[in-house]
Amino acid sequence: MPLALLALAVGAFGIGTTEFVMMGLLPDVADDLHISIPSAGHLVSAYALGVVIGAPLLAAVTARMSRRTVLISLMGLFVAGNALSALAPDNGWLLAARFLSGLPHGAFFGVGAVVATNMVAPERKARSVSLMFLGLTVANVLGVPVATLMGQNLGWRATFLGVSAIGLAAIAALAFLIPHDHEHTTAQGLRGELAALRSLPVWLSLGTTVAGFGALFSAYSYITPMLTDVAGYAGASVTLLLALFGVGATAGNLLGGRLADHSLRGTLFGGLGSLVVVLALFPLLMRTEVTAAVAVILLGMAAFATGSPLQLMVMEKASSAPSLASSANQAAFNLANAGGAWIGGLALAAGFGVTSPALAGAALAVLGLAVAAVAYTVDRRRAPAAGRERIVASHVPQEAETVRH
């Protein structure tokens, strides 16, 4: 694997840290800015909104630029957003800064995935994407806990200055390790880029992402009350357990990338099926501390085993605009974050019990399997037609040559 993947992983580490650290800093931010914790929670939503809007937009408008230049520019925007977050004088400014920080998130992963796959042999594409995502999963193991402790001891502003420093390190790594390229993604402009997203297989792949990762976030958003109220853990132990989730996610990401290079759809179906089983067993696994810890690890493994296959599948279905489609998949991931948390909250509000969000997640994972099955059926039906078109096209010149003679 090329060393340049390390530069992408460093950028992913910074992005993953700033995305998830806000959850642990909400009380400190609320107290310092004299706002309520629910109001501070809007800072999480502002970042996610930036991802959803920025992912396809920035990927589309930078389509004619060198991908190396795009990656460095996106990380520069990331540094600016986090630096402004550290300097924000009030909640309004911090909301705007968090939105700005989220804008480059999806496009960085989208363009980065294209760069990663272009640097390796075809049989290693999924593994290359998983190595880039490694930065995101490791952020949950190391970046978020360390950044949270920094914020609690040095002030939340120090956390965002620290994340800005990670972004500067990523810029240096990108400039030094990513090879120069002059190849444009497309010459057809923004309209042509957007046209690539009209394909039904692309939307089915995006739908699988929304349902599959919605299943994860339906349960993960409410993992703390499950661990404390059902499994019996003390609140102070939750940080360590969330780090275990990151360990599981890291292992699942690497395993999924390796398996997907052998069977893309097989890995996707296997990961979603495993997610159904793990979430369905959550009410039982949460009854003891040991099995609850195992459940947290298995949840991370099952969910992130599907990350690389989904990213690669979207890119293949939109081969004429892989950067845009790949970035749109990151927007779908954040829609899954918001939608999954909302559905899990509905289960709680309905009085179905503390572990009910996990069962709601299992239902979403089944939906993800169904969408993936529909996508597989559509591909099988289209394959014979595409084959007939190729046969006809290959014979037309020969017939024309016969007529000329």
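In this report, the structure presented in the accompanying data block is examined. (Residues numbered from 1 in each chain as written. Predicted model: local features only at pLDDT ≥ 70, side-chain atom pairs only at ≥ 80, totals over all residues. Heavy atoms only, no water.)

1. Regarding the packing of aromatic side chains
Scanning all chains against the criterion turns up nine aromatic pairs. Taking the centre distance of 5.8 Å and the plane angle of 75 degrees together, the rings of Phe213 and Phe304 count as edge-to-face. Of this pair, Phe213 sits in helix 8 (residues 200-220) while Phe304 sits in helix 12 (residues 289-304), and the two are 91 residues apart along the sequence. Measuring from ring centre to ring centre gives 6.5 Å for Phe269 and Tyr376, while their planes differ by 90 degrees; the resulting arrangement is edge-to-face. In this pair, Phe269 is assigned in helix 11 (residues 264-285) and Tyr376 in helix 15 (residues 356-404), connecting sequence segments 107 residues apart. Classification of Phe269 by relative accessible area gives partly exposed; the value is 26%. For Tyr376, a relative accessible area of 35% corresponds to the partly exposed category. By way of ring pairs, the aromatic residues Phe213, Phe217, Tyr220, Phe245, Phe304 and Phe333 are connected into one cluster. (Phe/Tyr/Trp six-rings, centres within 6.5 Å; stacked < 30°, edge-to-face > 60°. Helix = DSSP H or I, 4+ residues; strand = E, 2+ residues; numbered from the N terminus. Buried < 20%, exposed > 50% of the residue type's maximum accessible area, 1.4 Å probe, protein only.)

2. Here's the deal with the packing of helix 1 (residues 4-33) against helix 5 (residues 125-154)
At a closest axis distance of 6 Å, the pairing of helix 1 and helix 5 adopts a crossing angle of 35 degrees. In this structure, helix 1 crosses over helix 5, and the sense of that crossing is right-handed. By residue class, the composition of the contact of helix 1 with helix 5 is 15 nonpolar, 10 polar and two charged. (Axes fitted to C-alpha atoms, helices over the stretch in contact; angles between N-to-C directions. Left-handed = near helix turned anticlockwise from the far one by under 90°. Nonpolar A, V, L, I, M, F, W, Y, C, P; charged D, E, K, R; others polar.)

3. Here's the deal with the packing of helix 3 (residues 67-87) against helix 4 (residues 91-118)
Viewed as axis vectors pointing N to C, helix 3 and helix 4 meet at an angle of 155 degrees, and their least axial separation amounts to 8 Å. By the angle between their directions, the pair helix 3 and helix 4 is classed as roughly antiparallel. In this structure, helix 3 meets helix 4 at a crossing whose hand is left-handed. Residues that form the contact of helix 3 with helix 4 fall into these classes: 17 nonpolar, six polar and two charged. (Parallel < 35°, antiparallel > 145°, perpendicular 65-115°, else oblique.)

4. Some words on the side chain of Thr267
Along the chain, Thr267 turns up in helix 11. Residue Thr267 is classed as buried on the basis of its relative accessible area of 9%. Looking at Thr267, its side chain comes within polar contact range of the main-chain oxygen of Leu259, at 3.3 Å. When residues no more than four places from it in sequence are discounted, the contact partners of Thr267 are Gly256, Leu259, Ala260, Ala305 and Pro309. (Polar contact = N/O pair within 3.5 Å; in protein donor to acceptor, adjacent residues only side chain to side chain. Contact = heavy atoms within 4.5 Å.)

5. Observations concerning a nonpolar patch on the surface
On the surface, a cluster of nonpolar side chains totalling about 350 Å² of accessible area is made up of Leu49, Ile53, Leu57 and Val61. Examined against the element boundaries, Ile53 turns out to sit in helix 2 (residues 37-61). (Patch = residues over 30% accessible without salt bridge, like charges linked within 9 Å, V, L, I, M, F, W, Y side chains within 5 Å. Areas by Shrake-Rupley, 256 points an atom, 1.4 Å probe, with all protein chains shown as cover. Salt bridge = Lys/Arg side-chain N within 4 Å of Asp/Glu carboxyl O.)

6. Things to note about the pattern of salt bridges
One pass over the structure, following the stated rule, counts four salt bridges. Two residues, Asp32 and Arg157, come together in a salt bridge whose shortest N-O distance is 3.6 Å. Within this pair, whereas Asp32 is found in helix 1, its partner Arg157 is found in helix 6 (residues 156-177), the two being separated by 125 residues in sequence. Judged by its relative accessible area of 37%, Asp32 is partly exposed. Looking at Arg157, the relative accessible area reads 26%, which means it is partly exposed. The residue Arg265 makes a salt bridge to Asp379 at a minimum N-O spacing of 2.0 Å.

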